[in-house]
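Report on the structure
Residue-level listing of the chains:
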Amino acid sequence: MTSTVQTTTIALVGNPNSGKSSLFNQLTGLRQKVGNFPGVTVDRKVGKMKLSNSQDVQVIDFPGTYSLYPNSEDERIVAAAFCDLDEAHRLDAIIYVADSTHLEKHLLLFTQLHDLGYPMLLALSMNDIAVREGIAVDQEKLSEELGVEIIAFDGRTALANAEIQSAIERLLEQPEHTQQKPFYSFSEAEKEVITAIKADVNTKNDYQALLLAHHQNWLPHLRETQRSSIQQATEKVDFQSLKWQIRETMQRYDGFNTIVRKVFQRVGEDRTFSDRIDQILTHRFWGVLIFFALMLLVFQAIFAWAGYPQDAVEEVFGWASTQLQDRLPDTWYTSLLTDGILPGLAGVLVFVPQIAILFLLIALLEEVGYMARAVFLFDRLMQHFGMNGRSVVALISGGACAIPAIMSTRTISDWKERLITIMVTPFISCSARIPVYVVLVAFVVPAGKVGFISWQALAFMGLYLLGIGTAFVAAWILKKVLKAESYSFLLLELPKYRTPRLRDVALTVWEKVKSFVTEAGRIILIVSMALWFLASYGPGDKMEIAEQNAVEQAAERNLSSEERDNLIAAQRIENSYAGIVGKAIEPVIRPLGFDWKIGIALVTSFAAREVFVGTMATIYSIGSEEDEYKIQEQMAKEKHADTGQPVYTMAVAWSLLIFYVLAMQCVSTLAVVKKETNSWKWPAIQFIGMTILAYLASLLTYQILS
Amino acid sequence: MKLAPNEKGVLMEFTDDRIASKLITMGVFPGTTIELVRYAPFKGGCYVKVDNRAIAIRRDEAQCILLQA
């Protein structure tokens, strides 16, 4: 062990929907850090709080779980933490959060943790709802029966921090109780296993030894010698993990329900309010309709409302860039700053409004209790495609931007369902594809109307449908290809509706934005700088020669200074590394109908799809990328140098459109996928798979149409 | 579990240990009264109520629940 003094660590544990996270937010506020539990992408929230005696305490917010017998990845985290034999990972005490309106269901895990011998504090949540529903809990008696101190709190009239703090201080002074009577009495066979395990493995107590026997196959931190002695111990008796679990759970329920009956009184009727709302919100017709109306609102919010702050970000950076260009000498570092770093930063910050708005709405829906209903409504439909009811939210949000959509999949607890959702979300046409669609659709589709719908609108819709269709086909294929490790359940509690706590919502938004900027932002910035290098530098003095040529040409043709600058930019990019890459990939993209100029745009728009339009503007020496009409005009004029045929035929434009629908042309999304899957493997597969698919589809389109 | 919407029954036993262990953990065990409130659309899962608590379960999960006759 290292010499540093260990910080005191308190575990915050409770059932799903127990109000645990709210207490965590109250205790730690902004002093929390979200990371991953080792090896998995389950949020690990750790916060710090200072006690009144100025002792620093670390609080870990564990995923909500019903029992130490886990069924999902995040529930396993809890079981693993309490089966950890390493002293360095020791937890000093537990604050157990239980919903006071469902006390008869929320104490199972409490009795298990109690039997592990930890000092515990019982925090009863939803105190306000309990009062409203006419529920009375005799706290004094409960405290006496369970042998722990009890505090009661609710979301709005926050419990005074002083009161919690002094309770925590008393909690930390408690020794581990080894003498208290456990809730569960072992069977003879269980005693045998426990004795055998304890002979070889140094466990905390008897109950922990029993848990090791149940979880020996998957516990991550067991050494092989320990694993084999546990295995031998279980082989001596007729060890039946599931049967024993059921026996234990039933006995525990019997035990604590006897206590709960003594202290718990309900006068009013329960749930009638939530039941009435659910008659509509989970209705097979109205429920679905309302869901899509809500999603339309979410879509509108990300798509349209985020536009204002996004424009502001772009304007500020554009202004900063001009200012710097005017004030700094015209050298490489000014260019790096104004054409590499600033656009990179802008490229990161421009997503912040979308991420903030999406998570504001998602957190609100989650807090209110609606999300569980959405899962209930769409679970079956999405199951066909290997996804989860929650995937619907990600797919719809993907229509605005894949980045917040992929970040929102954290709420899907099944790894396979979550992975499939992450992999197919980028097929949904995001807002960054729109500028590309606008330019190209206007180019190939006549402006006429059929009835009152324009042909161009139909083409737009076709492109969106192609993306959606591909997403579902890809999901179906992934479902068949990926091996399921876990047995998938629904078994989801539908919590009561309640007013959202704004502090909890705000913290979620803050945390999502922060993690995007710091983690994905880094990768985006590096790639933007690399792309800047490719577009600004060329081998030897080729770019200087090209620039001189352009200056001479401009003088010969008597061009205005603006036209001259545009011509120089076009000639420079042709001779830059990006131009060389464009020319190098020309043989590969030629069968799709693309020339090297489109190749350059494909390379540069890897930073973000909308860069395509800007690059085309530069290549065709049009100063402003705003002028879509001019770009179209130039595209129509563009001819192949060797054959004299027009470059942009119907076939080429459609081929390019199909390519943009299907290709993974977004480094930011890849950065987020890397972050969310915790490996380079999945973004690599996604990039290669989507690019190959886009290539083949474009090839087919071009060959059929030309 | 053969219930029509808004019908109640008393849970007798489970036919699948894995689902049994999960449901028991959530407080759904033999002897409790279970009410089927409604089905989800698209041939989806069941909205059930057990002791004032609403739980969503898939139809195949519900198949593992046997009720007292």
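First things first, this report covers the structure right here in the doc. (Residues numbered from 1 in each chain as written. Chains lettered and ligands numbered in written order. Predicted model: local features only at pLDDT ≥ 70, side-chain atom pairs only at ≥ 80, totals over all residues.)

Next up on the list: the overall build of chain B. Assigned secondary structure in chain B consists of two helices and five strands. When its helices and strands are written in sequence order, chain B yields β-α-β-β-β-α-β. For 69 residues, the compact-globule estimate of 2.2 N^0.38 gives 11 Å, and the C-alpha radius of gyration of chain B, at 11 Å, lies within 12% of that figure. Over its C-alpha atoms, taken along the principal directions, chain B stretches across nearly 30 × 20 × 20 Å. Looking at chain B as a whole, 41% of its 69 residues are labelled buried. Of the contacts formed within chain B by residues at least 6 apart in sequence, a portion of 47% connects residues at least 24 apart. (Helix = DSSP H or I, 4+ residues; strand = E, 2+ residues; numbered from the N terminus. Rg over C-alpha atoms; globule rule 2.2 N^0.38 Å. Buried ≥ 20, exposed ≤ 12 C-beta atoms within 10 Å, placed from the backbone. Contact = placed C-beta atoms within 7 Å.)

The helix and strand tally for chain A stands at 33 helices and 12 strands. The principal-axis extents of the C-alpha atoms in chain A amount to approximately 100 × 65 × 50 Å. Split into buried and exposed, the 706 residues of chain A put 44% on the buried side. Residue pairs at least 24 apart in sequence account for 73% of intrachain contacts in chain A once pairs closer than 6 positions are excluded.

Quick look at the packing of helix α8 (residues 188–200) of chain A against helix α10 (residues 224–236) of chain A now. All names here are of chain A. Where α8 meets α10, the closest approach of the two axes is 9 Å, and the angle between their N-to-C directions is 155°. Classified by the angle between their axes, α8 and α10 sit roughly antiparallel to one another. Considering the relative orientation of α8 and α10, their crossing is right-handed. For the pair α8 and α10, contact is made by Glu 192, Val 193, Ala 196, Ile 197 and Asp 200 and by Ser 229, Ile 230, Ala 233, Thr 234 and Lys 236, respectively. Residue classes in the contact of α8 with α10 are distributed as five nonpolar, two polar and three charged. (Axes fitted to C-alpha atoms, helices over the stretch in contact; angles between N-to-C directions. Parallel < 35°, antiparallel > 145°, perpendicular 65-115°, else oblique. Left-handed = near helix turned anticlockwise from the far one by under 90°. Nonpolar A, V, L, I, M, F, W, Y, C, P; charged D, E, K, R; others polar.)

Once that is clear, we can look at helix α20 (residues 415–424) of chain A. Residues and elements named next belong to chain A. Extensive coverage of α20 is indicated by the burial of eight of its 10 residues. What α20 keeps buried is the set Glu 417, Arg 418, Leu 419, Ile 420, Thr 421, Ile 422, Met 423 and Val 424. Of the surrounding elements, those touching the buried residues of α20 are α18 (391–397), α19 (402–407), α22 (455–481), α32 (667–677) and α33 (681–705).

Here the focus is the sheet that holds strand β8 (residues 149–152) of chain A. Remark on secondary structure: sheet strands pair via backbone hydrogen bonds, oriented parallel or antiparallel. All names here are of chain A. Taken in spatial order, the seven strands line up as β2-β3-β4-β1-β5-β6-β8 in an open sheet, and their pairing is mixed. For this open sheet the edge positions go to β2 (32–36) and β8, each flanked by a neighbour on one side alone. Between one strand axis and the next, the sheet turns through 25° on average, direction left out of account. With four bridges connecting them, strand β6 (residues 120–125) and β8 associate as parallel partners. Each residue of the ladder has a partner; that of Leu 122, found in β8, is Ile 150. Set on the sheet, helix α4 (residues 108–115) makes contact with β1 (8–14), β5 (93–99) and β6; between it and β5 the angle comes to about 165°. (Pairing = 2+ DSSP bridges.)

The subject of this paragraph is the interface of chain A and chain B. Each partner contributes residues to the interface: chain A has 32 residues there, and chain B has 28 residues. Listed by contribution, the elements that provide at least two residues to the side of chain A that touches chain B are α3 (103–106), α11 (241–263), α17 (371–383) and β12 (492–494) of chain A. The element that contributes the greatest number of residues to the side of chain A that touches chain B is α11(A), accounting for seven residues. A per-class count over the side of chain A that touches chain B returns 17 nonpolar, six polar and nine charged.

Turn by turn, an α-helix covers 3.6 residues, leaving residues three or four places apart pointing in a common direction. Residues and elements named next belong to chain A. Look at α33: 36 Å from first C-alpha to last across 25 residues, which is about the 36 Å you get at 1.5 Å a residue. Along α33, the residues classified as buried are Pro 683, Gln 686, Phe 687, Met 690, Ala 694, Ser 698, Thr 701 and Tyr 702. Elements in contact with the buried residues of α33: α20, α31 (650–662) and α32. (Expected span 1.5 Å × (residues − 1).)

Residue and element names in this part refer to chain A. Formed by 201 residues in total, the largest nonpolar core has its most connected members in Leu 12, Tyr 96, Leu 113, Leu 122 and Ala 123. Ranked by residues supplied to this core, first place goes to α31 with 10 residues. Among all residues touching Ala 123, those that are not within four sequence positions of it are Leu 23, Ile 95, Tyr 96, Val 97, Ile 151 and Phe 153. (Core = buried A, V, L, I, M, F, W, Y, C linked by C-beta atoms within 7 Å.)

Turning our eyes to something else, we now look at the environment of Thr334(A). All names here are of chain A. Within the element layout of this structure, Thr 334 appears in helix α15 (residues 332–349). In the structure, Thr 334 is positioned 13 residues away from Ser 321 in sequence and 9.3 Å away in space, judged by C-alpha atoms. In this structure Thr 334 touches Leu 324, Gln 325, Leu 328 and Pro 329, once residues within four positions along its chain are discounted.

Take the environment of Ala136(A) next. For Ala136(A), the position within the fold is in strand β7 (residues 135–137). For the pair Ala136(A) and Lys198(A), spaced 62 residues apart in sequence, the C-alpha separation works out to 43 Å.

Its location among the elements puts Glu149(A) in strand β8. The contacts of Glu149(A), once residues within four sequence positions are left out, are Leu121(A), Ser143(A), Ala167(A) and Arg170(A).

Below, the discussion takes up the sheet that holds strand β5 (residues 65–67) of chain B. Spatially, β12(A)-β4(B)-β3(B)-β2(B)-β1(B)-β5(B) is the arrangement adopted by the six strands of the open sheet, whose pairing is antiparallel. Both edges of this open sheet fall to β12 of chain A together with β5 of chain B, since each of them pairs with a single strand only. The sheet shows a mean angle of 45° between the axes of neighbouring strands, direction not considered. Bridging between strand β3 (residues 46–50) of chain B and strand β4 (residues 53–57) of chain B involves five bridges; their strand directions are antiparallel. Looking at β4(B), one finds that Val50(B) is bridged to Arg53(B).

Residues and elements named next belong to chain A. With five of seven residues buried, β1 lies mostly within the body of the structure. Examined bridge by bridge, β1 and β5 share five bridges and lie parallel to one another. By the bridge assignment, Val 13 is partnered in β5 with Tyr 96.

Close contact between α11(A) and helix α1 (residues 17–25) of chain B brings their axes to 10 Å; oriented N to C, the two are set at 20°. Here α11(A) is positioned roughly parallel relative to α1(B), judged by the angle of their axes. In the packing of α11(A) onto α1(B), the handedness of the crossing is left-handed. Every residue of α1(B) that contacts α11(A) at Leu242(A), Lys243(A), Gln245(A), Ile246(A), Thr249(A) and Met250(A) is listed here: Asp17(B), Arg18(B), Ala20(B), Ser21(B), Ile24(B) and Thr25(B). The class makeup of the residues in the contact of α11(A) with α1(B) is five nonpolar, four polar and three charged.

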